[in-house]
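What follows is the residue order along each chain.
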Amino acid sequence: DVSRIEACEEVALEFALQALKHDPDGIEMSYFNRTHGRKNLTSESDIIQFYEKIEKKIQSGTKFAPLLHRIASDFKRKYKKEGTRKVVMVFTDGVISDMKDVEQEIKDLANWNGMKTHFEFGLLFVYAGKSEKGKARVKRLDDDLKEIGVKHDIVDAKSVKWVMENGLAKAVHEAFLD
């Protein structure tokens, strides 16, 4: 039986390889855990090496807010300069250790005055686990953000099964439309 962490790794690796086919300039990959790392990857071997390096660092429980803050800051800077849109895909088992901080980061970005509509940034959580509790946490980020006062709905949540059946392109498209 595959652990929830291994399931996330396998799915994320497969989607990273697919995404690279659509973006030959490279994709930015990050891992969320007790430490954070980001790297622009431009080949299949880069992606595989990235995963081999981080396998030793992956543990249970994810502190996502600090890296989300950095991603949001980078997005704001690039958006002001270039008007670049962005979708961030997060493969998770639903164990997010700093949920309140994550909600605040999402709220801050969704209410940022520089973003006129939700079509500029999408945060797609892809649930790759078996726990109903973890699935509910991820779904809550998608469905309940209006309750915390967001101006733009920038979050979408899908199951791995949904993304596999409907494709990566549709998942990314819907991340902007949700």
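Residues numbered from 1 in each chain as written. Predicted model: local features only at pLDDT ≥ 70, side-chain atom pairs only at ≥ 80, totals over all residues. Heavy atoms only, no water.

Trainee: For the packing of helix 4 (residues 99–110) against helix 5 (residues 132–143), give the residues involved together with the corresponding values.
Mentor: In contact at an axis separation of 11 Å, helix 4 and helix 5 are set at 25° when each is read in the N-to-C sense. Between helix 4 and helix 5, the interaxial angle falls into the category roughly parallel. For the crossing formed where helix 4 meets helix 5, the hand is right-handed. Facing Met99, Lys100, Val102, Glu103 and Ile106 of helix 4, the residues of helix 5 in contact are Arg137, Arg140 and Leu141. Among the residues forming the contact of helix 4 with helix 5, the class breakdown is 4 nonpolar, no polar and 4 charged. (Axes fitted to C-alpha atoms, helices over the stretch in contact; angles between N-to-C directions. Helix = DSSP H or I, 4+ residues; strand = E, 2+ residues; numbered from the N terminus. Parallel < 35°, antiparallel > 145°, perpendicular 65-115°, else oblique. Left-handed = near helix turned anticlockwise from the far one by under 90°. Contact = heavy atoms within 4.5 Å. Nonpolar A, V, L, I, M, F, W, Y, C, P; charged D, E, K, R; others polar.)

Trainee: A description of the sheet that holds strand 4 (residues 121–127) should follow, citing residues and the corresponding values.
Mentor: Spatially, 3-4-5 is the arrangement adopted by the 3 strands of the open sheet, whose pairing is parallel. The strands lining the two open edges of the sheet, one partner per strand, are strand 3 (86–92) and strand 5 (155–159). The sheet shows a mean angle of 20° between the axes of neighbouring strands, direction not considered. As paired elements, strand 3 and strand 4 share 7 bridges and run parallel to each other. Residue pairing in the sheet places phenylalanine 91 in a bridge with valine 126 of strand 4. (Pairing = 2+ DSSP bridges.)

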